[in-house]
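Chain and residue survey
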Amino acid sequence: MPAMPKLTLIDGSSYLFRAYHALPPLSNAAGEPTGALYGVISMLRAILAAPPDYIAFVCDAPGPTFRHEMAADYKANRPPMPDDLRAQVQPMLTMVEALGLPLLCVEGVEADDVIGTLTRQAVAKGIEVEISTSDKDFAQMVGPGVALVNTMTRTRMDEAGVVAKFGVRPEQIIDFLALTGDKIDNVRGVDKCGPKTAAKWLGQYETLDALMTNAHAIGGKIGENLRAALDYLPLSRELVTIKTDVALEVAPEALKLREPAREQLRELYTRYGFSTELKRLDGNAPAPAPRPAATPAAPMPAPPPILAPQAGHANAGHYEQVLTPAQLQDWLARLRRAELIAFDTAADTADPMLGQLVGLAFAVEAGSACYIPLRHDYPGAPRQLDRESVLDALRPLLEDETRPKLSQRAKFNINVLARHGVAVRGVRHDTMLESYVLNPTGSRHELDALAERHLGYQTVALADVAGKGAKQLGFNQVDLDSATRYAAEQADITLRLHQALWPTLGEQPGLRTLYSELELPLLPVLARIERRGVLVDAGALQQQSADLGARMLQLRAEAFELAGHEFNLDSPKQLQAVLFDELGLPAAVKTPKGQPSTNEEALAAIADQHALPQRLLDYRACAKLRSTYTDKLPLMINPATGRVHTCYHQAVAATGRLSSSDPNLQNIPVRSADGRRIRQAFVAPPGWLVMAADYSQIELRIMAHLSGDAGLLGAFNSGIDIHRATAAEVLGIAPDAVDANQRRAAKAVNFGLMYGMSAFGLARNLGISRGEASDYIGRYFSRYPGVRAFMDATREQARDNGYVDTLFGRRLYLPELASRNGARRAGAERAAINAPMQGSAADIIKRAMLAVDAWLADRHDAHMLMQVHDELVFEVREEAVEAIREGVRQRMVAAAELAVPLVVDIGVGANWDVAH
């Protein structure tokens, strides 16, 4: 039997808004917004890879519709379309037509009505219909021969899918929508009637009419709300009903794909910087494979938030090597006239606290830059300008706060120049941070990756001029021509990148504020912290290394005795043989290749069945602490300062949290005795003390604020122990009757739920059955319903939009929400719950750092040394402890206004462990 012809009806408005919210804000070289346009074209490309028999792209026509005559305030609550989205509507329509798709916009009705009419006409003629949309209202159209397809997530919804998602049949969707209402469209529903209540009523009474007839039988407050809504429910039903009899000038079978207007498409793709589409148009990119038929149970990945390369930036620049005083004076004049100075430093090592300044690069207009070599000392190197004389000439410009400056790695450059007596001020932009704020979950934010992604430009790699590995030269050994080509290009491309990124970032008020008022001002603060460094007791660490080594020898001997022979404790293969072949222990965890795993999780899972796995875990813990900290930290003491200087990274963690490296101060264990002993080696000099200020339960407090749950808000506002209060609520006992194990269970739930912990995870954490854990979680949500509602709403928002926001507007994209892989998808849903809390906490402590740093600027009795998660660590003169303690507390508490108080625990001592 021949297959039925198929008609695909594309809901253009749904495509446009979905693409706008799913992708980061993008722009072309001219600064025109392109994000939504790029997303729409990506989704259309997926459909056109295997085009249907008939197709149409349907959009709303401008002006009011018949529904506005029925209800003057219809859609009155909708905010105006953002300007950057409005600017993309006409280009989208032009591009759709150029692709050869029939475009339908009918005045007086909505796109939904046009799609509804074509659907009914097509079904009557034996044509199968797919409605490509993410709009839930179209569920009323589903039936034999009609399905909904979400192209972004590539999921298909048939009649069974409607029932699974909404709890009602397709023919009940209109009544369902009338009951729940639509705040955005200003369609009034029954107050407090959510999807579950609406589905329950329709399951009992079948129709809205029958429910209204029996409204007197519905008890409680919700029954009162239903009866109060009886007068306007019929109008609400009319407003949400898709019209299926619109007078159309075109029949379904006339909606055929035309040949694309290739030259027009070439002009459009060039203008908007869609280089990938240009390649496809010219046959230089492989055609996408036909996509499999979508199924309800197997969503496919959504288009990732890839920034389209910008046209017009792929040309190499003109770079000048500055070797004479006259050349330097010429560039000084150009720098003085410049509206924005892009600059970069070249040093002989990657450590700004050790590196010597080798040269400086500047750019003031795209495509033109210079390199001023200062200390290239390879045999036969040309004579160069005197470094101190050049720095003296540049110092007034570099230290002038009123002269805007730009860099790609501003903090590194600030610190290199600070070591050479230049206090850089006036850094107004950092392209790494621009990229990071636009899309923190995107890929790398290094210059080479950004240049290729945004400019379609491949930069000269450092390895190309200096080599790599053991043979890599210091930059001072690189010949001047190669050094100029590399370093000047760094400044030039930084300027070009800024010109591509800033217009997009500048048009997003929330992201612009986050960038300009939080991330950028934090740069000099972090630079000062890094230069200050922290004092460590090398002798104490060396003694701990010796003790750890002795313990490792003892653990190894015990392991040999338990196994009955010697073996290599660091060999996974030998461990597999001993644990699973000789001792016959179960393989609780498998490797990707199906082999028994010997990682920490696997060993912990069988530690209660034999003594050897625990010995191995203890051995590894000692080895890790020794290699990462006790052996390494003494070697990292800077000979000039006598301190350890970490490097903080702003553009790594997607949530906005700072990370650190060389050394990593974020992962020093705090719960183990060995970890605390390492912290004891972080000390203060004579006459000073270490002060640690730590936000108390900040993520839980943010959860209380975001969820608005009355129970959590009451507990935090009353100042009682939140974990004891939770245990009392869940178990139905008095707070003073809660024992230590009950409090521990409540703490595990309070923190675990923010990380998406399951009943299985809680059971394993507490050593109880999965049934007991499930029962505990159920009771928790019954006592804190606001938390459940917040988590459900956040997941839904994340699935619909592809991202979540923090309290301060940081946007965290979660592309894995559309993954086919269930584990990845579940992980993304867990991240969607946690990211607003963790990201907001990160923003709050950054705000606190800015406030504290500004307050300490004129003082000489305290210095900020470290930021570790929710904790700030200071070095304070003994006589100033009380004043600093109170000043720090005030500013950390004032860093955010939540519905619950922020609480800061502050300790003081001779070392970090005592202070913490």
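Residues numbered from 1 in each chain as written. Predicted model: local features only at pLDDT ≥ 70, side-chain atom pairs only at ≥ 80, totals over all residues. Heavy atoms only, no water.

**Here we look at the overall build of the protein**
Operational definition: Here a helix means four or more residues in a row that DSSP labels H or I, a strand means two or more in a row labelled E, and each is numbered from the N terminus. We compute the radius of gyration from the C-alpha atoms alone; for a globule the expected value is 2.2 Å times N to the 0.38, where N is the number of residues. Buried residues are those whose accessible area, probed at 1.4 Å on protein chains only, stays under 20% of the maximum for their type, while exposed residues exceed 50% and partly exposed ones sit between those limits.
Broken down by element type, the protein carries 37 helices and 22 strands. For a compact globule of 916 residues, the expected C-alpha radius of gyration is about 29 Å, and the protein comes in at 32 Å, within 12% of that figure. In terms of overall dimensions, the protein has a C-alpha envelope of 85 × 80 × 60 Å along the principal axes. Within the protein, the fraction of its 916 residues that count as buried is 51%.

**Here we look at the environment of Thr-630**
The cut-off we apply is this: Any two residues whose heavy atoms approach within 4.5 Å are treated as being in contact. Throughout this description, a polar contact denotes any pair of N or O atoms lying within 3.5 Å of each other; where both atoms belong to protein, one of them has to be capable of donating a hydrogen while the other can accept it, and for residues adjacent in sequence the pair is counted only when both atoms sit in side chains.
Structurally, Thr-630 can be placed in helix α26 (residues 611–630). Residues Thr-630 and Leu-541, 89 residues apart in the sequence, show an inter-C-alpha distance of 5.0 Å. Not counting the four nearest positions on each side in its chain, Thr-630 is found in contact with Leu-541, Gln-544, Ser-545, Leu-548, Leu-625 and Ile-678. A polar side-chain atom of Thr-630 sits 2.6 Å from a polar atom in the side chain of Ser-545.

**Quick word on the environment of Leu-603**
Note on placement: Leu-603 falls in helix α25 (residues 600–605). When its relative accessible area of 0% is taken as the criterion, Leu-603 is described as buried. Excluding residues within four positions of it along the chain, Leu-603 makes contact with Leu-579, Thr-598, Pro-613, Leu-616, Leu-617 and Arg-620.

**Things to note about the sheet that holds strand β21 (residues 871–877)**
Let me state the cut-off plainly: Should DSSP find at least two bridges between two strands, the strands are regarded as paired. Helix axes use the C-alpha atoms of the stretch in contact, all axes being lines fitted to C-alpha atoms, and the angles between their N-to-C directions lie in the range 0 to 180 degrees.
Spatially, the four strands line up as an open sheet ordered β20-β21-β17-β22, and their pairing is antiparallel. Each edge of the open sheet is held by one strand with a lone partner, namely β20 (862–868) and β22 (904–909). Averaged over all adjacent pairs, the angle separating strand axes in this sheet is 20°, with direction ignored. Relative to β21, strand β17 (residues 688–695) is paired through seven bridges, and the arrangement is antiparallel. Of the residues in β21, the one forming a bridge with Met-691 is Phe-874. Each of β20 and β21 touches helix α22 (residues 509–532); the most contacted strand, β20, lies at about 100° to it.

**Concerning the pairing of strand β10 (residues 368–373)**
Within β10, six of the six residues are buried, leaving the element largely enclosed by the surrounding structure. Both faces of β10 are covered, namely the face carrying Ser-368, Cys-370 and Ile-372 and the face carrying Ala-369, Tyr-371 and Pro-373. In this structure, strand β7 (residues 318–321) lies alongside β10, joined through four bridges in parallel fashion. Following the sheet pairing, Tyr-319 is matched in β10 by Ala-369. Bridge count between strand β9 (residues 357–365) and β10: six bridges; the pairing is antiparallel. Considered in β10, the bridge of Phe-362 is made with Cys-370.

**Regarding the confidence of the model for the protein**
Note the threshold: Confidence of the prediction at every residue is given by pLDDT, a number between 0 and 100.
In this model, the protein carries an average pLDDT of 87, and 94% of its residues clear a pLDDT of 70 or more. Long-range and interchain partners of residues 285–314, a stretch whose pLDDT sits below 50, account for 82 contacts in this model, where long-range means more than four residues apart.

**Some thoughts on the sheet that holds strand β4 (residues 128–132)**
Note on sheets: strands pair through backbone hydrogen bonds, and any given pair is parallel or antiparallel. Reading across the sheet, the six strands line up as β3-β2-β1-β4-β5-β6 and stay open at both edges, with mixed pairing between neighbours. Edge strands, defined here as strands with exactly one partner in the open sheet, are β3 (103–104) and β6 (155–157). Examined bridge by bridge, strand β1 (residues 6–11) and β4 share five bridges and lie parallel to one another. Bridge assignment links Lys-6 to a residue of β4, and that residue is Glu-128. Along the sheet, helix α6 (residues 111–124) contacts β1, β2 (54–58), β3, β4 and β5 (146–150); its crossing angle with β1, the most-contacted strand, is approximately 175°.

**What to know about the nonpolar core**
Under the convention used in this document: The nonpolar core is taken to be a set of buried Ala, Val, Leu, Ile, Met, Phe, Trp, Tyr and Cys residues, with the residues joined through side-chain atoms within 4.5 Å.
Of all hydrophobic cores here, the largest spans 153 residues; its most connected members are Phe-362, Phe-682, Tyr-695, Met-866 and Phe-874. No other element matches the 11 residues that α22 contributes to this core. Ignoring sequence-local partners within four residues, the contact set of Phe-682 consists of Val-534, Leu-535, Val-536, Leu-633, Leu-665, Ile-668, Val-690, Met-866, Ala-910, Asn-911 and Trp-912. The next biggest cluster of nonpolar side chains, apart from the first, holds 55 residues, and it includes Val-146, Ala-215, Ile-242 and Val-246.

**Quick word on the packing of helix α34 (residues 785–801) against helix α35 (residues 822–856)**
Rules: Comment on the angle field: the value is read as roughly parallel under 35 degrees, roughly antiparallel over 145, roughly perpendicular from 65 to 115, and oblique elsewhere. Each residue is assigned to one of three groups, with Ala, Val, Leu, Ile, Met, Phe, Trp, Tyr, Cys and Pro labelled nonpolar, Asp, Glu, Lys and Arg labelled charged, and all others, Gly among them, labelled polar.
Closest axis-to-axis distance for the α34/α35 pair is 9 Å, and the angle between their directions is 110°. On the basis of their axis angle, the class for α34 and α35 is roughly perpendicular. Facing α34, whose interface residues are Phe-790, Met-791, Thr-794, Arg-795, Ala-798 and Arg-799, α35 presents Glu-829, Ala-832, Ile-833, Pro-836 and Met-837. Its residues assigned to classes, the contact of α34 with α35 comprises seven nonpolar, one polar and three charged.

**A closer look at helix α28 (residues 698–707)**
Counting buried positions along α28 gives eight out of 10 residues, so the element sits mostly inside the fold. Within α28 the residues assigned to the buried category are Ile-698, Glu-699, Leu-700, Arg-701, Ile-702, Met-703, Ala-704 and Ser-707. Contacts made by the buried residues of α28 are with β17, α29 (710–718), α30 (722–731), α31 (740–752), α34 and α35. Gly-708 occupies a position one or two residues after α28 and carries a positive phi of about 65°.

**What to know about unusual backbone geometry**
Keep in mind that most residues, glycine aside, have a negative phi and that most peptide bonds are trans. In this model, Asp-662 is joined to Pro-663 through a cis peptide bond whose omega is 0°. Phi is positive for Lys-192, which is not a glycine, with a value near 70°. Mapped onto the fold, Lys-192 is located in the loop between α8 (173–180) and α9 (195–205). A relative accessible area of 70% places Lys-192 in the exposed class.

**Observations regarding the pattern of salt bridges**
Selection criterion: Just to be clear on terms, a salt bridge is a Lys or Arg side-chain nitrogen sitting within 4 Å of an Asp or Glu carboxyl oxygen.
Under the definition given, this model contains 47 salt bridges. A salt bridge links Asp-870 to Arg-657, with the nearest nitrogen and oxygen atoms 3.4 Å apart. Of this pair, Asp-870 sits in the loop between β20 and β21 while Arg-657 sits in the loop between β14 (647–649) and β15 (659–661), and the two are 213 residues apart along the sequence. Arg-657 sits in the buried class, given a relative accessible area of 11%. Residue Asp-861 is joined to Arg-859 by a salt bridge in which the shortest nitrogen-to-oxygen separation is 2.8 Å. Each of Lys-6, Glu-128, Glu-130 and Arg-156 takes part in salt bridges that share partners, so that together they form one network.

**What to know about the packing of aromatic side chains**
Any two aromatic rings considered together are summarised by their centre-to-centre distance and by the angle between their planes. As a reminder, the rule being used: Pairing of aromatic rings covers Phe, Tyr and Trp, the last through its six-membered ring, and needs centres within 6.5 Å; plane angles under 30 degrees mean stacked, over 60 mean edge-to-face, and all others mean tilted.
Under the definition given, this model contains 13 aromatic pairs. Measuring from centroid to centroid gives 5.7 Å for Phe-166 and Phe-176, while their planes differ by 75°, and the two rings are edge-to-face. Here Phe-166 is found in helix α7 (residues 159–166), whereas its partner Phe-176 is found in helix α8, with 10 residues between them in sequence. Each member of the pair Phe-166 and Phe-176 is classed as buried. Both rings, one in Tyr-371 and one in Phe-475, keep their centres 6.4 Å apart while their planes meet at 90°; by these two values the pair is edge-to-face. In this pair, Tyr-371 sits in strand β10 while Phe-475 sits in the loop between α20 (462–466) and α21 (480–506), placing the two residues 104 residues apart along the sequence. Take Tyr-371 and Phe-475: they sit in the same class, and that class is buried. Taken together, the ring pairs connect Tyr-38, Tyr-269, Tyr-272 and Phe-274 into an aromatic cluster.

**Notes on the pairing of β21**
Among the seven residues in β21, six count as buried, and that is most of the element. Count of turn residues in the β20/β21 antiparallel hairpin: two residues, of which His-869 carries a positive phi of about 60°.

**Structural notes on the packing of α28 against α29**
How we decide: Two helices that cross are described as forming a left-handed crossing if the nearer one is turned anticlockwise from the farther one by less than a right angle, and a right-handed crossing if clockwise.
Direction vectors running N to C along α28 and α29 enclose 130°, while the axes themselves pass 8 Å from each other. Regarding the angle of α28 to α29, the classification is oblique. Here the hand of the crossing between α28 and α29 comes out left-handed. Two secondary-structure elements touch here, α28 through Leu-700, Arg-701, Met-703, Ala-704, His-705 and Ser-707 and α29 through Leu-712, Leu-713 and Phe-716. The residue makeup of the contact of α28 with α29, split by class, is six nonpolar, two polar and one charged.

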